[in-house]
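Observations on the three-dimensional arrangement
One-letter residues, chain by chain:
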Amino acid sequence: MLQLGGLYIKLGQVLSVTALPIPDQYREYFRTLQSNVPGSSDFREVVKPTLERELGAPLEELFDSIDELPCGAASIGQAHRATLRSTEEEVIVKVQYPNAKWQVPADIECVGQFLRLCVYFGLVDEMASKLTYEEFARQFLAELDYNQEKENLKQVYSSSLNPNAPYLKRGVVIPRVFEDMCTGQVITMTYLPGPKFEEEAREQLALLGIDTKKGMRAVVQEAHGNATNTSNRNAVDNNELAISPTDNATSSWKDTLSRTARNMISVDSMFSIVRFARRVILWSTAATVKSIRAASFLPIVPSDWIVWAEERQNAILQAERWGWTQEAVATLLDVHGYQILNQGCFNADPHPGNILVVQDENNPSKQPKIGLIDYGQVKRLNTEERVKIANLILSIADKESDEAIANNFRTLGIKTKTDSTKFLAEFGRLMFGSFEAKHLDHSWHKELHEQDRVLYFPNELSMVYRTALLLRGLAMSLQFNPSVGEAWRHHARETIRMHGAATTRGD
């Protein structure tokens, strides 16, 4: 994938978070494509000439310094950290690979030809594959337009300055573009210092004693096992939240016992029990470290105690950071809900590499902010689409009837084989509700798939669902179980209040 570049790197990024049954070892490698893609263009031979041609001046006249090694690379370009000569501001210079303009369309055409073969041999539905391919092609080709990405970034940055928006209130920052240093192949923006949020998440997972190579389903299953002391290890072979129906034989009595216990104890309870126990251990360690360090000058304190405390002095900072991580998850949900429902302009490629933990380099102990970057693939929703989605979100958040949820889903244009009301309602809750224990049960998914199946999924909702899926997956990996619908409820209500119910909500 790295050698092929372009579309194939993007494919790896998608597969790293997809609901498809990807083997763990492959998924782990695909995750590296989210933020660890090596730069594929030589700086002096390719990047430097491209920048000077696009910006119309030698780099020495524009920058005090520019790192030749890229600080980040993606499917169609790479980024370099630099310091502006005019203002001495630290910036990121994002440059597009010269061959991307022809390579990306060629790769997309190859995918299209492959899909046509799949349709010919009856492997995929023609209408569904055509609509999916068209949306995929449109979104990926949009990344080539750096002028549009600049405008996207300007719009999101401008909205982030609104005091009524959640950005300032919750400590979320968006890079500011330097318009006079942007072209069709170059974007220059402010530098946001700090690691990727995924790195912070992995640290928190390790702190909680969780294997970061496990998938979401394994994390939930482990939490359940720790909370109930009933372990069903045969049920964690699949790493996904959405489980495809299978023809497995009747469960053993152990499976039945585990499933019964799982249904009696909610996922929230599982997470709460495990999180509380681990936090008690962490805070106890932090308190002990403080006590030993405070008394370290006394001769009665054994030297090995002092050594122990020094080795664990980070526990204090870790305990404080854990509370921030929970708030950060709520913040990400809030901001994305605002972008989708209030602004109708949101990142359609929100993989974990596009979220930063922005630290104050002059005050490391200060709580960090969240940085949102990379607006090359932006999905826009018109007012009518936003109101329809808001109606669906609100009916799920308010736990309305199956009929109400299904009707709001139908208004968006979803098509299923039998138009089952129960199927649509359960599907909607699965998409935007909180994760429930029954979602771990193969038989529940099998029964759902037997009721009906989706023939057409509306494009305007697909990227919204992808964003919700990513954010909920990130939250659950940290052992929080939010309801996306409830997190977005106030934005949905505000959208309906401002623009009116463009569609009639079910009662």
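Everything in this summary refers to the structure shown in the same document. (Residues numbered from 1 in each chain as written. Predicted model: local features only at pLDDT ≥ 70, side-chain atom pairs only at ≥ 80, totals over all residues. Heavy atoms only, no water.)

**Concerning the overall build of the protein chain**
The cut-off we apply is this: Under the scheme used here, helices are H or I runs from DSSP no shorter than 4 residues and strands are E runs no shorter than 2 residues, and both carry numbers assigned from the N terminus. Buried means the residue's accessible area, taken with a 1.4 Å probe over protein chains only, is under 20% of the maximum for its type, while exposed means over 50%, and partly exposed covers the values in between. To be clear on the numbers: accessible area is Shrake-Rupley with a 1.4 Å probe, and residue cover counts the displayed protein chains and nothing else.
When helices and strands are counted, the protein chain shows 21 helices and twelve strands. Within the protein chain, buried positions represent 51% of all 507 residues. Of the accessible surface of the protein chain, which amounts to about 24000 Å², a share of 54% is contributed by carbon and sulfur atoms.

**Remarks on empty space enclosed by the protein**
The cut-off we apply is this: The method works on a 1 Å grid over the protein atoms by themselves. A cavity is a set of points holding a 1.4 Å probe that cannot get out, a pocket is an open set with protein on both sides within 12 Å along at least five of seven lines, and residues with an atom within 4 Å of a point line them. Grid points are joined across faces, edges and corners, and a volume is the space filled by probe spheres set on the points. As a working rule, the residues Ala, Val, Leu, Ile, Met, Phe, Trp, Tyr, Cys and Pro are called nonpolar, Asp, Glu, Lys and Arg charged, and the rest polar, with Gly in that last group.
Following the criterion strictly, the structure yields three cavities of 30 Å³ or more and no others. For the largest cavity, the calculated volume is near 50 Å³. As for the largest cavity, its lining consists of H336, N347, P350, H351, N354, I355, L372, I373, Y375 and L470. Looking at the lining of the largest cavity, its residues break down into six nonpolar, four polar and no charged.

**Some thoughts on the pairing of strand β3 (residues 77-84)**
Formally: Pairing between two strands requires that DSSP report at least two bridges joining them.
Along β3, seven of the eight residues are buried, which leaves the element largely enclosed by surrounding structure. Note that strand β1 (residues 63-66) and β3 share three bridges and pair antiparallel. Residue pairing across strands places F63 opposite L84, the latter belonging to β3. The sheet contact formed by strand β2 (residues 72-73) and β3 spans two bridges and is antiparallel. Note on β3: the bridge partner recorded for A73 is Q78. Here β2 folds back onto β3, and the loop between the two strands holds three residues. One ladder, built from seven bridges, connects β3 with strand β4 (residues 90-96); its direction is antiparallel. Within β4, the position partnered with T83 by the bridge is E90.

**Digging into the sheet that holds strand β5 (residues 172-173)**
Overall, mixed pairing links the three strands, which are arranged β5-β9-β8 in an open sheet. The outermost strands of the open sheet, each flanked by one partner alone, are β5 and β8 (355-358).

**Remarks on the side chain of D374**
Our working rule: By the criterion applied in these results, polar contacts are pairs of N or O atoms within 3.5 Å in which, for protein atoms, one can donate a hydrogen and the other can accept it, and in which residues neighboring in sequence qualify only through two side-chain atoms. Contacts: residue pairs with any heavy atoms within 4.5 Å of one another.
Among the secondary structure elements, D374 is positioned in the loop between β9 (369-372) and β10 (378-380). Of note is the side chain of D374, whose polar atom sits 3.3 Å from the backbone nitrogen of G376. Apart from the residues within four sequence positions on either side, D374 is in contact with K94, E149, N347 and N354.

**Observations regarding the nonpolar core**
Note that soluble globular proteins tend to have their nonpolar side chains buried in a common cluster. Convention followed: Only buried residues count toward a nonpolar core. Its members are Ala, Val, Leu, Ile, Met, Phe, Trp, Tyr and Cys residues joined through side-chain atoms within 4.5 Å.
Counting 77 residues, the largest nonpolar core has F197, L372, F409, F432, L461, V464 and W488 as the members making the most contacts within it. Take this core: its biggest share by element is nine residues, from helix α14 (residues 314-343). In contact with W488, not counting residues within four places along its chain, are L333, H336, G337, I340, L341, I393, F432, V464 and A468. Membership of the second largest hydrophobic core comes to 17 residues, among which are F63, V91, V95 and M181.

**Quick notes on unusual backbone geometry**
Of note in this structure, D374 is not a glycine but carries a positive phi near 65°. A positive phi angle is found at K399, which is not glycine, with a value near 55°. Mapped onto the fold, K399 is located in the loop between α15 (383-397) and α16 (402-411). Using a relative accessible area of 62% as the deciding quantity, one classes K399 as exposed.

**What about the environment of D419?**
Residue position: D419 is located in the loop between β11 (415-416) and α17 (421-432). On the basis of relative accessibility, which here comes to 40%, the residue D419 falls in the partly exposed class. Taking C-alpha positions, D419 is 7.3 Å from D452, a pair spaced 33 residues apart along the chain. Contacts of D419, omitting those with residues within four sequence positions, involve R410, L424 and D452. Of note is the side chain of D419, whose polar atom sits 2.8 Å from the side chain of R410.

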